[in-house]
Amino acid sequence: MTKLKIAYSPCPNDTFVFDAWAHGRVPGAPRLDVTFADIDLTNGWAERGDAPYDVLKVSYAVLPWILDEYALLPCGGALGRGCGPLVLTREPGTDLTGKTVAVPSERSTAYLLFRLWAADTVPGGVGEVVVLPFHEIMPAVRDGKVDAGLVIHEARFTYGNYGLHALADMGEHWEHTTGLPIPLGAIVAKRSLGADMLRLLADAARGSVRMAWDDPTVSRPYVLEHAQEMDPKVADQHIGLYVNEFTADLGETGYAAVRGLLTRAAAEGLVPPLGPDALRFP
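These remarks concern the structure in this document. By convention here, each chain's residues receive numbers from 1 onward along its written sequence. A pLDDT threshold of at least 70 governs which residues receive local features in this predicted model, and a stricter bar of 80 or more applies before side-chain atom pairs are shown or counted, although totals over entire chains, interfaces and linings include all residues. In computing side-chain properties, one takes all heavy atoms of the structure into account and sets aside hydrogens as well as water.

**What to know about helix H12 (residues 251–267)**
Put simply, DSSP marks the helices as runs of H or I at least four residues long and the strands as runs of E at least two long, and each gets a number from the N terminus on. Helix span, as expected, comes to 1.5 Å for every residue beyond the first. Look at H12: 24 Å from first C-alpha to last across 17 residues, which is about the 24 Å you get at 1.5 Å a residue. Along H12, the positions that sit buried rather than exposed are Gly254, Tyr255, Ala257, Val258, Gly260, Leu261, Leu262 and Ala265. The first or second residue beyond H12 is Gly269, which carries a positive phi of 80°. Partly exposed residues are those whose accessible area sits between 20% and 50% of the maximum for their type, while under 20% is buried and over 50% is exposed, using a 1.4 Å probe and protein chains only.

Written out as structure tokens, the structure reads:
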């Protein structure tokens, strides 16, 4: 069988989830040709349809633009509690009215959560929003190039190293106002693969994460190889936060969270509205 082309991030949660599948240890799973890419790139590829990938890790926020071509897999992604993006500033309690905020992507779930938070808590509205690569955001805030930065993933554990303060937790705001877990990253696959293949892909992703849970030491070399010099303890915290029961299966609560995010975002004019069957999986 021809290898399926897949792109996901080098972040520990993705390499942990896909290790067994990427290395041919999931029985019956299609073989993979893996590309590592930042999620802003994969979001763009999915939206433009200009890259030859059968499976992609993307932000939930980009789904309204891509669900005609891609189907959401019910597993393999990142969705949970207590794991939301943070807004960081140099000084505690900074008023963001009219201020410049750096974000990793305007198509990211983090950005949607930020805009929903700002609509509730910054009545005067923030100022300019600038897109920076994830690894440049904290240095930019520290050095005064921007007034605040929206950060994700392991920055939750490392922002203190830059002398920064957490102004607000987007996840706490989301969970407090909705009671739902936080949708972050999704796994999507081309609908043109057909229903049988899509179900096989879902089974493979689910099997891969369960194998990683059964013996985490097996995936550790793959995780640390691609963790961009991340401290192994931080990598473990990262996996513990972002790989959970929703990674194995979104379930009713997970789907409710995704619909809730995209419905609220559509009401604010941030994304196109979803069709009634847009999230249906074969």
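Having seen the model, we can carry on.
**Observations concerning empty space enclosed by the protein**
Here a cavity denotes a set of grid points, spaced 1 Å apart and computed over the protein atoms alone, in which a 1.4 Å probe fits but from which it cannot get out, and a pocket denotes an open set meeting protein on both sides within 12 Å along at least five of seven lines; residues with an atom within 4 Å of a point are reported as lining. Grid points are joined across faces, edges and corners, and a volume is the space filled by probe spheres set on the points. Inspection of every chain in the model, using the stated rule, returns 1 cavity of 30 Å³ or more. Counted as a void, the largest cavity has a volume near 30 Å³. Around the largest cavity sit Pro10, Cys11, Pro12, Glu154, His226, Ala227, Gln228 and Met230, which together line it. Each residue is assigned to one class: nonpolar for Ala, Val, Leu, Ile, Met, Phe, Trp, Tyr, Cys and Pro, charged for Asp, Glu, Lys and Arg, and polar for all the others, Gly among them. Within the lining of the largest cavity, the residues separate by chemical class into 5 nonpolar, 2 polar and 1 charged.

**Some words on the pairing of strand E2 (residues 32–36)**
In the sheet, strand E1 (residues 4–8) pairs with E2 via 5 bridges, with the strands oriented parallel. Bridge pairing in E2 places Tyr8 opposite Phe36. For two strands to pair, DSSP has to find at least two bridges joining them.

**Describing the nonpolar core**
Nonpolar side chains tend toward joint burial in soluble globular proteins. The biggest cluster of nonpolar side chains holds 90 residues, and the ones touching the most others in it are Leu56, Val58, Tyr60, Leu63, Trp117 and Leu201. Setting aside residues up to four positions removed in sequence, Tyr60 forms contacts with Leu72, Ala78, Leu79, Thr109, Pro183, Leu184, Gly185, Ala186, Leu250, Val258, Leu261 and Leu262. Residue types Ala, Val, Leu, Ile, Met, Phe, Trp, Tyr and Cys, when buried and joined through side-chain atoms within 4.5 Å, form a set referred to as a nonpolar core. By definition in these notes, contact holds between two residues if any of their heavy atoms fall within 4.5 Å.

**A short note on the packing of helix H4 (residues 109–121) against helix H7 (residues 170–178)**
Axes here refer to lines fitted to C-alpha atoms; in helices the fit is confined to the stretch in contact. Angles between the N-to-C directions go from 0 to 180 degrees. Two elements in contact, H4 and H7, have axes separated by 9 Å at closest approach and are oriented at 70°. The pairing of H4 with H7 is recorded here as roughly perpendicular in orientation. Once H4 is placed against H7, the crossing between them reads as left-handed. Taking contact as the criterion, the partners of Leu113, Phe114, Leu116, Trp117 and Asp120 in H4 are, on H7, Met170, His173 and Trp174. Here the word oblique covers every angle except those under 35 degrees (roughly parallel), over 145 (roughly antiparallel) and from 65 to 115 (roughly perpendicular). Here is the rule for handedness: rotate from the far helix to the near one, and if that takes an anticlockwise turn smaller than a right angle the crossing is left-handed, while a clockwise turn gives right-handed.

**Points about the layout of surface pockets**
Considered as a void within the structure, the largest pocket measures approximately 850 Å³ in volume. Residue lining of the largest pocket: 44 residues in total, with Cys11, Phe134, His153, Glu154 and Gln228 positioned closest to the centre. For the lining of the largest pocket, the secondary-structure elements that each account for two or more residues are helix H1 (12–22), helix H2 (39–48), strand E3 (55–59), H4, helix H5 (134–142), helix H6 (155–158), strand E11 (182–190) and helix H10 (232–242). Considering every element that reaches the lining of the largest pocket, the biggest residue donor is H5, with 5 residues. Split by residue class, the lining of the largest pocket holds 25 nonpolar, 13 polar and 6 charged.

**Observations concerning the pairing of strand E6 (residues 86–89)**
The alternating pattern of E6 places Leu86 and Leu88 and Val87 and Thr89 on opposite faces, both of which are buried. Here E6 runs beside strand E9 (residues 148–151); their pairing, made up of 4 bridges, is antiparallel. For Val87, the partnering residue across the bridge sits in E9 and is Leu150. In this structure, E6 lies alongside strand E10 (residues 165–169), joined through 4 bridges in antiparallel fashion. Paired with Leu88 across the two strands is Ala166, which belongs to E10.

**Focus: the side chain of Asn244**
Inspection of the secondary structure assignment puts Asn244 in the loop between H10 and helix H11 (245–248). Residue class for Asn244 comes out buried when judged on its relative accessible area of 13%. Here the side chain of Asn244 touches Leu79 through a polar contact of 3.0 Å, landing on its backbone oxygen. Between N or O atoms, a polar contact is any pair within 3.5 Å; within protein, one atom must be a potential hydrogen donor and the other a potential acceptor, and residues adjacent in sequence are included only when both atoms are from side chains. A polar contact is formed between the side chain of Asn244 and the backbone nitrogen of Phe246, at a distance of 2.9 Å.

**As for H4**
The end-to-end C-alpha separation of H4 is 18 Å, in line with the 18 Å expected for 13 residues at 1.5 Å each. Looking only at H4, the buried set comprises Thr109, Ala110, Tyr111, Leu112, Leu113, Phe114, Leu116, Trp117 and Ala118.

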